[in-house]
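Examining the three-dimensional arrangement
Here are the chains, one letter per residue:
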Number of protein chains: 2
Amino acid sequence: MADVARLAGVSAMTVSRALKGKGAVTPQTQERILRAVSDLGYVLDKSAGALSSKKTGFVSVLIPSLNNSTFSETVQGITEALDTEAMQVLIGTTGYSRAREEAVIETMLQRRPEGIIVTGGTHTPRGRTMLEQAGIPVIETWDLPAAPIDHVVGFSNAATIEDLMARLMFRGYRRIAFIEGEHGEDTRGHDRRAGYERAVEALGLERACVIEVGRPPITIEQGGGAVVRLMDTWPEVEAVICVSDLSAFGAIMECHRRGWAVPERLAIAGFGDFEIARHTWPSITTVSVGSRGLGRQAGTLMLEAVAAMRGGTPLAPRRINIPHTVIERDSTASLPRPAVAGRVA
Amino acid sequence: MADVARLAGVSAMTVSRALKGKGAVTPQTQERILRAVSDLGYVLDKSAGALSSKKTGFVSVLIPSLNNSTFSETVQGITEALDTEAMQVLIGTTGYSRAREEAVIETMLQRRPEGIIVTGGTHTPRGRTMLEQAGIPVIETWDLPAAPIDHVVGFSNAATIEDLMARLMFRGYRRIAFIEGEHGEDTRGHDRRAGYERAVEALGLERACVIEVGRPPITIEQGGGAVVRLMDTWPEVEAVICVSDLSAFGAIMECHRRGWAVPERLAIAGFGDFEIARHTWPSITTVSVGSRGLGRQAGTLMLEAVAAMRGGTPLAPRRINIPHTVIERDSTASLPRPAVAGRVA
DNA sequence: CCGTCAATTGTTATCGATACCATCGGACAG
DNA sequence: CTGTCCGATGGTATCGATAACAATTGACGG
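Residues numbered from 1 in each chain as written. Chains lettered and ligands numbered in written order. Predicted model: local features only at pLDDT ≥ 70, side-chain atom pairs only at ≥ 80, totals over all residues. Heavy atoms only, no water.

**Topic: the packing of helix H10 (residues 220–233) of chain B against helix H11 (residues 245–258) of chain B**
Each pair of packed helices gets described by two things: the angle between the helix axes and the distance between those axes. All names here are of chain B. The line we're drawing: Here the axes come from fitting lines to C-alpha atoms, over the contacting stretch only for helices, and the angles between their N-to-C directions go from 0 to 180 degrees. Here a helix means four or more residues in a row that DSSP labels H or I, a strand means two or more in a row labelled E, and each is numbered from the N terminus. Small angles under 35 degrees read as roughly parallel and large ones over 145 as roughly antiparallel, with 65 to 115 read as roughly perpendicular and the rest as oblique. Left-handed describes a crossing whose near helix is turned anticlockwise from the far helix through less than a right angle; right-handed describes the clockwise counterpart. Contacts: residue pairs with any heavy atoms within 4.5 Å of one another. The residue classification treats Ala, Val, Leu, Ile, Met, Phe, Trp, Tyr, Cys and Pro as nonpolar and Asp, Glu, Lys and Arg as charged. All others, Gly included, are polar.
Relative orientation of the contacting elements H10 and H11 amounts to 55 degrees, with a least axis distance of 6 Å. Taken together, the axis directions place H10 and H11 in an arrangement best described as oblique. In this structure, H10 meets H11 at a crossing whose hand is right-handed. Facing H10, whose interface residues are Ile 220, Gly 223, Gly 224, Val 227 and Val 228, H11 presents Leu 246, Ser 247, Phe 249, Gly 250, Ala 251, Glu 254, Cys 255 and Arg 258. Along the lines of polarity and charge, the residues of the contact of H10 with H11 split into seven nonpolar, four polar and two charged.

Structure, rendered in structure tokens:
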């Protein structure tokens, strides 16, 4: 920067001001500086700037996996909201493991983000402590923790599945099973299963049948394997809810291969409203939480929280409950039922 | 850090050394310092460290979109390779736009990454200049540019489709069409189309029929729309190659809906070997470039290049050509043909 | 023509860690 | 017992920008 200043015949401070664009510099000076910058191919060093201004200009986002389209949609939503204010997003993946999450939190905090958005409300004790003591806004998403760390933008995974169950029952299904990954650290998947079991009880359904297959996140292939095991275990089954649209997709494809008509022989529903759910044949009944919108809301809230923090007054904890929608499609359309507005082709 | 030093009764310098673990500190001192660190809940500030040591400890990766599973696999591969050496990955998305890529390059360079991995070999002039002058290792991936900036880890998009065409022809298909996005900035999609056209000529096929639909990246839905237009435009068509597996998937689902048997009425192939390609019914013939392995190789090369750069001698430009594989599956299996080892169920 | 004020620019200290070199204390050979 | 050397630790300068304050300039009213 000193070189630029010399070439433009001004002081480094003026160069700094010119590059921030905040006016306060004569148009001619501005132009002279910008020319010097481009002549020298100079690029501002923001990390040095961050050190002195104590504003790093980025926010960390922790998600379980990049390969899950709903999480990447959430990240996109967050990015959209933050880009407008020139806040950068630093992504970290935890691989559905709390231990890894703890490690990633530490790495992230070493870079001094101005805020951090995590997926889920369950963390290791040390991870939680680090988040609490970081002195920056924290947003937990994709869940509604009972004792949140700071802000929350989420929904109840259990409630989404309860609603879906109610809808299936309303459509006439009585023998409904559930497919998920083995008990592990995927607390969101676990919550959905809890919702399933509560619904079976509440609705007085015949019996709960849960097929567990592989460790989360379960793949398309495992969804296919699970449906075979299900038909073997409980031949009278009429419908099944899969823990995600991806596994529901795998189940449907396996049914095609085996000649089991969907939904006539077996109705299949998923979770998440992935892009493929809408276009699979038959299209997949699912629960949408609007992952991208969720991300956008989290991003907007983060902007507000960061601004408040810069201003010296931390924002009081917010709790935003994202509404979910059961989207009925062709994969659960077999039994006689009234016409419904909510059905999407 | 000064607080920690005081509590442990040593100097800041010793704390710094203890935290880097590089020996050179008495075990007792080490332990005393670590206890002080955890008592105070102190977290190292790496950006300050980066300023003085000139080692930021991260690498930037630019991809067109997070929502494309092949790119996120590449990122995973890169992350796997770099994590081992405690290098962090900073992801930026360019939305298939060169102008946006230029902006993202600038933002990234402001954080002084120790290396940068970009997707494709085509950039704006300024973007290219910035990359050349950044003084750090650059890796271009997913392409084989004729005049690379520095290192290359990629493959020829045109060649992959030429090979796929040859295989389809060998299987007896003669009237083969191509579905892609409108001419835009997706140079990799464009290269694939060029490969298609060259193959039509070289193989002496009947005629080239290209359906263009929407701006890249084309969606599942657009794949479905395109196949309808194709059947309308060229009813004699026997097979079609889609620019990606996602659009191929959309095309297949649309065929199911309309009662066009795949592959009997229309054979369909894709590109990229996405997870869904293997599990769709019928499974989708595609070209695999091993996106994750590509990422891993790029990551490994980057480690080597960064190490060389730290040592003072930049690594001489490497050019790694990733082999591709045509994977024949059920979606192109109709015509009589010999048994083939390469076929995957 | 002078004083006041606002706009613009410059100077200095500082952010938090690490590189580099100096220092100190003890082990060991002669 | 003494000189040498090595391992552990401390002191100081520095990385590249920006905050905070100081200084300069010119405009304008009286």
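We are not done yet, so read on.
**Focus: the environment of Tyr 196 of chain B**
Residues and elements named next belong to chain B. Put simply, the rule reads: The classification of residues rests on relative accessible area computed with a 1.4 Å probe and restricted to protein chains. Under 20% of the type maximum is buried, over 50% is exposed, and intermediate values are partly exposed. Side-chain atoms alone can form a polar contact between residues adjacent in sequence; in general such a contact is a pair of N or O atoms within 3.5 Å, and within protein one must be able to donate a hydrogen while the other accepts it.
Among the structural elements, Tyr 196 can be located in helix H9 (residues 187–202). On the accessibility criterion, Tyr 196 (0% relative accessible area) is buried. Separated by 33 residues in the primary sequence, Tyr 196 and Asp 163 place their C-alpha atoms 9.3 Å from one another. Residues in contact with Tyr 196, not counting those within four places in the same chain, are Ile 161, Met 165, Ile 176, Ala 177, Phe 178, Arg 207, Ala 208, Cys 209 and Val 210. Within polar-contact distance, the side chain of Tyr 196 engages the backbone oxygen of Ile 176 at 2.6 Å.

**Considerations on the relation of the copies chain A and chain B**
Stated precisely, the cut-off is as follows: Here the copies were fitted onto each other by least squares, based on C-alpha atoms from residues at pLDDT of at least 70 in both.
When chain A is fitted onto chain B, the two copies agree to an RMSD of 0.1 Å after a turn of 180 degrees and an axial shift of 0.0 Å. Overall, the copies show the geometry of a two-fold rotation axis. A symmetric contact is evident, with 100% of the interface residues of chain A recurring at the interface of chain B.

**Focus: the interface of chain A and chain B**
Just so we agree on the cut-off: As a working definition, buried area equals the accessible area (1.4 Å probe) given up by two parts on being put together, with both sides summed. Salt bridges are defined by distance alone: a side-chain nitrogen of Lys or Arg within 4 Å of a carboxyl oxygen of Asp or Glu.
Across the contact, 46 residues belong to chain A and 46 residues belong to chain B. Buried surface at the junction of chain A and chain B, summed over both partners, amounts to about 4200 Å²; 56% is from carbon and sulfur atoms. The interface formed by chain A and chain B contains four salt bridges. For Asp 83 of chain B, the salt bridge goes to Arg 100 of chain A, with nearest N and O atoms at 3.6 Å. Across the chain A-chain B interface, the total number found is 18 residue pairs in polar contact (both at pLDDT 80 or more). For the side of chain A that touches chain B, the elements supplying multiple residues, two or more each, are helix H4 (46–53), helix H5 (69–83), strand S2 (88–93), helix H6 (98–109), helix H10 (220–233), helix H11 (245–258) and helix H12 (275–279) of chain A. For the side of chain A that touches chain B, the element with the most residues is H5 of chain A, which contributes six residues. Among the residues forming the side of chain A that touches chain B, the class breakdown is 18 nonpolar, 17 polar and eleven charged.

**A few points about the environment of Ile 322 of chain A**
Residue and element names in this part refer to chain A. Within the secondary structure, Ile 322 sits in the loop between strand S11 (319–321) and strand S12 (325–327). When the C-alpha positions of Ile 322 and Trp 142 are compared, they lie 9.0 Å apart, and in sequence the two are 180 residues distant. Excluding residues that lie within four positions of it along the chain, Ile 322 makes contacts with Val 153, Gly 154, Phe 155, Val 289, Leu 294 and Gln 297.

**Focus on H9 of chain B**
Residues and elements named next belong to chain B. We apply this condition: Each helix should span, by expectation, one fewer than its residue count multiplied by 1.5 Å.
Under the 1.5 Å per step criterion, the end-to-end length of H9 is 22 Å for 16 residues, consistent within 8% with the ideal 22 Å. Of the positions making up H9, those classed as buried are Thr 187, Arg 188, Gly 189, Arg 192, Arg 193, Gly 195, Tyr 196, Ala 199 and Val 200. Looking at the residues trailing H9, positive phi occurs at Gly 204, about 65 degrees.

**A short note on the protein's contact with DNA strand D**
Spelled out, the test is: The rule for a residue being near a molecule or strand is that one of its heavy atoms must lie within 4 Å of it.
Taken together, 25 residues surround DNA strand D, and among them Ser 16, Tyr 42 and Ser 52 of chain A together with Thr 14 and Thr 29 of chain B come closest. Counting only the atoms of DNA strand D within 4 Å of the protein, the fraction contributed by sugar and phosphate is 67%. One of the side-chain N or O atoms of Tyr 42 of chain A is found 2.4 Å from a phosphate oxygen in DNA strand D. At 3.3 Å, a side-chain N or O of Lys 54 of chain B approaches a phosphate oxygen of DNA strand D. Within the residue set of the surface near DNA strand D, elements represented by two or more residues are helix H2 (12–20) and H4 of chain A together with helix H2 (12–20) and helix H4 (46–53) of chain B. A total of five residues in the surface near DNA strand D trace back to one element, the largest contributor, which is H4 of chain A. Here the residues of the surface near DNA strand D are counted per class, giving eleven nonpolar, ten polar and four charged.

**Observations regarding the side chain of Asp 273 of chain A**
Residues and elements named next belong to chain A. As for its position among the elements, Asp 273 is in the loop between strand S9 (267–269) and H12. In this structure Asp 273 comes out as buried when scored by relative accessible area, which is 14%. Reaching out from Asp 273, the side chain makes a polar contact with the side chain of Arg 329 at a distance of 3.1 Å. Apart from residues lying up to four places away in sequence, Asp 273 is in contact with Asp 245, Arg 278, Thr 286, Val 287, Ser 288, Ile 327 and Arg 329.

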